[in-house]
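# Fold and contact review
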Amino acid sequence: MRDHTRSRRRRFDDDDATFVKRATPQHLPAPDAEEDTGWSSWDAPGVQHGPAPIPGWVVTELAAKDTDLGVLKTGKEADVHLVERAVPDTDRRVLLAAKRYRASEHRLFHRDAGYLEGRRVRESRLNRAMEGRTSFGREVIAGQWAQAEFAALAGLWELGVAVPYPVQLLGTELMLEFIGEPDGTGAPRLAQVRAGRDALEHLWAQLVAALRVLARSGLAHGDLSPYNLLVDGERLVLIDLPQIVDVVINPNGRDFLARDVHNVARWFVSKGLEIDPDPLIAELIHDAGLRQ
């Protein structure tokens, strides 16, 4: 499948089709376009690291430096930058996707009301700020989205679900494994892929397996669509998980789960697969311990 999609690949993307994109080159920018952002933030105060064992490709050396190679994507809640973390004068280097949540825009977190059910914090002052969408409250919400995505990725990674490895979380910046090529070309979204029936069936089987793991853990993606699934060769990778839903706690959890399945099943059906989503939804609801 890689041969069919390589020419259509775009930069790393983790949102739907309505985001605002900036023009980006097809390969890494020239050296004079790079922005050296200083020493690696791996050991910064307050930083959280991804689950152990940490993959060997993660650069953890304190001598490493982070270089911002430019914006990959601007979205409704976050900007994604391509960052190279490298140890000078060595071959130790890795590309990372730095997802930086924003908290100042007045349209920020347009969809947070339903997803934040069950995510209230202990301090009443913080809850009031969040509900009033004050500047401080938006910062709190941004931190919650970043923390929620980091925790979701860490948990799913440990369960064996194909997601980007969460390298670290510092404030509202989430550093992720970059899914793509060494030249900075990101893996295509499922919505971009043109594939034969066998390949589509393989992708659907991977998706069903992932949804079953989520349901058995009491979770739903919450915003699943062909635009937040990456196709890395023959591997399907789930991305964009800040809104992950605890289907047991959230009163709308059952609806989120069903909507996820309908959204992706509709795409596969449009490509020629014969899929009835209702039996799968019933199975997932049962696996999650919810009433039919």
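Preceding block: the structure.
Notes on the structure follow. (Residues numbered from 1 in each chain as written. Predicted model: local features only at pLDDT ≥ 70, side-chain atom pairs only at ≥ 80, totals over all residues. Heavy atoms only, no water.)

In terms of helices and strands, the protein carries seven helices and eleven strands. The 292 residues of the protein split such that 53% are buried. Counting only contacts in the protein whose residues sit at least 6 apart along the sequence, the fraction spanning at least 24 positions is 68%. Accessible area for the protein stands at about 13600 Å²; split by element, carbon and sulfur atoms hold 51% of it. (Helix = DSSP H or I, 4+ residues; strand = E, 2+ residues; numbered from the N terminus. Buried < 20%, exposed > 50% of the residue type's maximum accessible area, 1.4 Å probe, protein only. Contact = heavy atoms within 4.5 Å. Areas by Shrake-Rupley, 256 points an atom, 1.4 Å probe, with all protein chains shown as cover.)

So, about the pairing of strand 10 (residues 235–238). If a strand is regular, its side chains alternate between the two faces of the sheet. The pairing of strand 9 (residues 229–232) with strand 10 spans four bridges and is classified as antiparallel. Bridge assignment links D232 to a residue of strand 10, and that residue is R235. A loop of two residues connects strand 9 with strand 10, the two strands running antiparallel in sequence, and G233 in this loop sits at a positive phi of about 70 degrees. (Pairing = 2+ DSSP bridges.)

Its location among the elements puts V213 in helix 5 (residues 197–216). Spatially, the C-alpha atom of V213 lies 7.7 Å from that of L159, the residues being 54 residues apart in sequence. Ignoring sequence-local partners within four residues, the contact set of V213 consists of L159 and V161.

Taken as a whole, this structure holds four aromatic pairs when the rule is applied. Centre to centre, the rings of W57 and Y165 are 6.1 Å apart; their planes meet at 85 degrees, and the pair counts as edge-to-face. With W57 in the loop between strand 2 (48–49) and strand 3 (65–74) and Y165 in the loop between helix 4 (135–158) and strand 6 (166–170), this residue pair connects regions lying 108 residues apart in the sequence. A relative accessible area of 29% places W57 in the partly exposed class. (Phe/Tyr/Trp six-rings, centres within 6.5 Å; stacked < 30°, edge-to-face > 60°.)

Next up on the list: the pairing of strand 5 (residues 93–101). The buried fraction of strand 5 amounts to seven of the nine residues, a majority that puts the element mostly inside the structure. Taken together, the nine bridges between strand 4 (residues 78–86) and strand 5 define a ladder with antiparallel strand orientation. Bridge assignment links V83 to a residue of strand 5, and that residue is L96. Taking the residues between adjacent antiparallel strands as the criterion, strand 4 and strand 5 are bridged by six residues, where D89 takes a positive phi near 65 degrees. Examined bridge by bridge, strand 5 and strand 7 (residues 173–177) share five bridges and lie antiparallel to one another. Counterpart to A97 in the pairing with strand 7 is L176.

Quick look at unusual backbone geometry now. For the peptide bond that leads from A52 to P53, omega is -5 degrees, which places it in the cis range. Its location among the elements puts P53 in the loop between strand 2 and strand 3. Located in the positive-phi region is D89, a residue other than glycine, with phi close to 65 degrees. By the element assignment, D89 lies in the loop between strand 4 and strand 5. Not every positive phi belongs to a glycine, and D240 is a case in point at roughly 60 degrees. Considering the arrangement of structural elements, one finds D240 in the loop between strand 10 and strand 11 (245–246). Overall, D240 belongs to the buried group, its relative accessible area being 4%.

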